[in-house]
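Structure at a glance
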Amino acid sequence: MISDRTLKVAVLGCGSVGSQVVRLLLEQSDDLAARVGAPIELAGVAVRRLDAAREVEVPAGLLTTDATGLVSRGDIDLVVEVIGGIEPARSLILAALENGASVVTANKALLAEDGPTLFEAADKAGRDLYYEAAVAGAIPILRPLRESLAGDHVTRVLGIVNGTTNFILDKMDTSGAGFEEALEEAQELGYAEADPTADVEGFDAAAKAAILASLAFHSRVTAADVHREGISEVTAADIASAREIGAVVKLLAICELHQAGGEESVAVRVHPAMIPRSHPLASVREAYNAVFVESRAAGQLMFYGPGAGGAPTASAVLGDLVTVARNRISGTRGPGESAYADRAVLPMGETLTRYHVAIDVDDRAGVLAQVAQAFAEHDVSIQTVRQEGRDLDAQLVVVSHEATDAQLSATVASLREMETVREVTSVMRVEGEAE
């Protein structure tokens, strides 16, 4: 049965995602009403410029440049925020909650920087704050972590959560292109921005990793807690070295539980890593995303799909909108922030990992023994070593067993100080089971 009550929706932003949200709201109004149990009315769309070109025609009278006035209206039930950034998004979301509206947002940067403030405001107002679209576009990953796995104990979340970097690394692997060449192609195809810093330097993935870790481990994790490295230093030689050991390079968001002395802590990091080609994430191609979840009862789960784009992200926004609208009709709320575990964030130096190290050395007797000694002095065990000789020098490729990142970093520093080492040409972490 359809309720007589009409729910009014305000949309903040009408760019790539916002325009698709508006389109879906208008085109699927009857279906949305049937799914929610009440009519959904688009009450206003806040934009910066009224005369800007848009992907969708917004009905006359709905566009406004007064976002604050729109969210402060007492008759708005639901606010969709897709403008991004920290301000004015934060102030607008807080104003919407204070004025009695529930909020759906895709703002990963804001949630990763100041999520607790938003959650506290939602609790105080007795309203919902949903944000499925903030991580991995159309892929439903946050709701499974928050609800479907609520009775389980998640131990690890490993994901490719940035389509731009995955496209670049995939092109480097399949075509032999260098980083700059692959980046240029990504920009030409619209996968990368004119200024790709947020993507290629890992800022986007770090924000998403913070959100994933917060949900998975019931602890507050911010973007500042995430160890972050981008892909701008990844070379064609790195890609070739990965291929030599049956691996592929991916930019990974890794969230793990660590246990020591009876205490659990959270380790969260974003960096390029070599993973075996047999790993499910190795087959994720082009601009697609995938998230691999490990838990004690359910085991291993993988979520895959388009991780960005206007329509896919709008799909996730509308999914949240339907849920929040149902809650408004029934007078209930969905789950809020779950940070009861309050686990500490483990410093990167204490995180366990493995290294792949390529070293140019003098081609003479005893060099391999000296390199092995450098690893031994820092209690790092060598898993494999490969040597390729040339006229006057040689290259050693060493893959370590698991050790703390601090031990491995100190080992690399020692190698760089050795007289017989001409250059440490590549250092990359290795994830996944050894081949």
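To keep things clear, this report deals only with the structure shown in the data block. What you are looking at is a predicted structure, and each value in this text was computed from that prediction instead of being measured. Chains are numbered independently. Their residues run from 1 in the order of the written sequence. pLDDT decides what is reported in this predicted model: residues at 70 or higher carry local features, side-chain atom pairs at 80 or more are listed and counted, and totals for whole chains, interfaces and linings draw on all residues regardless. Side-chain measures were taken over the full set of non-hydrogen atoms in the model, leaving aside hydrogen atoms and water.

**Side note on the side chain of His258**
Where we set the bar: In this text, helices come from DSSP runs of H or I with a minimum length of four residues, and strands from runs of E with a minimum of two, each type numbered from the N-terminal end. Note on exposure labels: buried denotes an accessible area under 20% of the residue type's maximum, exposed denotes more than 50%, and partly exposed covers the range between, all computed with a 1.4 Å probe on protein chains only. Throughout this description, a polar contact denotes any pair of N or O atoms lying within 3.5 Å of each other; where both atoms belong to protein, one of them has to be capable of donating a hydrogen while the other can accept it, and for residues adjacent in sequence the pair is counted only when both atoms sit in side chains. We call two residues contacting when some pair of their heavy atoms lies within 4.5 Å.
Note on placement: His258 falls in strand β9 (residues 247-260). Take His258: its relative accessible area is 16%, and that puts it in the buried class. Within the structure, the side chain of His258 is placed 3.5 Å from the side chain of Glu256, a separation counted as a polar contact. Ignoring any residue separated from it by four or fewer positions in sequence, one finds His258 in contact with Glu263, Glu264, Ser265, Ala267, Leu346, Thr351 and Leu352.

**Section: the sheet that holds strand β6 (residues 129-130)**
Paired through backbone hydrogen bonds, the strands of a sheet run either parallel or antiparallel to each other. Quick note on the threshold: Two strands qualify as a pair provided DSSP detects at least 2 bridges between them. Axes here refer to lines fitted to C-alpha atoms; in helices the fit is confined to the stretch in contact. Angles between the N-to-C directions go from 0 to 180 degrees.
Pairing is parallel in the open sheet, where six strands are placed in the order β3-β2-β1-β4-β5-β6. The strands lining the two open edges of the sheet, one partner per strand, are β3 (63-64) and β6. Summarising the sheet, strand β2 (residues 40-46) and β3 pair through two bridges and their orientation is parallel. Each bridged residue has a counterpart across the sheet, and for Val45 the counterpart in β3 is Leu63. The sheet contacts of helix α1 (residues 16-27) involve β1 (7-12), β2 and β4 (78-81), and relative to β2 the element is tilted by about 155 degrees.

**Describing the nonpolar core**
What counts here: What makes a nonpolar core is a set of buried Ala, Val, Leu, Ile, Met, Phe, Trp, Tyr and Cys residues whose side-chain atoms join them at distances within 4.5 Å.
Ranked by internal contacts, the top residues of the largest apolar core, which has 82 residues, are Val79, Ile141, Leu145, Ile168, Leu212 and Val293. Tallying contributions element by element places helix α10 (residues 203-217) first for this core, with 11 residues. Sequence-distant contacts of Leu212, that is, excluding residues within four places in its chain, are made with Val135, Ile141, Leu142, Leu145, Val157, Val161 and Cys255. Val17, Leu25, Val58 and Ala133 belong to the second-largest nonpolar core, a separate cluster that totals 34 residues.

**Overview of the packing of aromatic side chains**
Put simply, the rule reads: Classification of ring pairs rests on two measures: the distance between centres of Phe, Tyr or Trp rings, Trp counted by its six-membered ring, which must be within 6.5 Å, and the angle between planes, read as stacked under 30 degrees, edge-to-face over 60 and tilted in between. Counting as a charge over the ring demands two things of the Lys NZ or Arg CZ atom: a distance within 6 Å of the ring centre and an angle within 35 degrees of the ring normal.
Per the stated rule, a full pass over the model turns up three aromatic pairs. Measuring from centroid to centroid gives 4.8 Å for Phe167 and Tyr191, while their planes differ by 45 degrees, and the two rings are tilted. Residue Phe167 is located in helix α7 (residues 163-175), and its partner Tyr191 is located in the loop between α8 (179-188) and α9 (197-200); the two are separated by 24 residues in the primary sequence. For Phe167, a relative accessible area of 1% translates into the label buried. Relative to Tyr304, the ring of Tyr288 lies with its centre 5.3 Å away and its plane at 10 degrees, an arrangement referred to as stacked. With Tyr288 in strand β11 (residues 288-295) and Tyr304 in strand β12 (residues 299-306), this pair connects stretches of sequence that are 16 residues apart. Among the residues examined, Tyr304 registers a relative accessible area of 47% and is labelled partly exposed. Its end group placed over the ring of Tyr131, Arg146 keeps NZ or CZ at 5.9 Å from the ring centre. Positioned above the aromatic ring of Phe203, the side-chain terminus of Arg228 is 3.8 Å from the ring centre.

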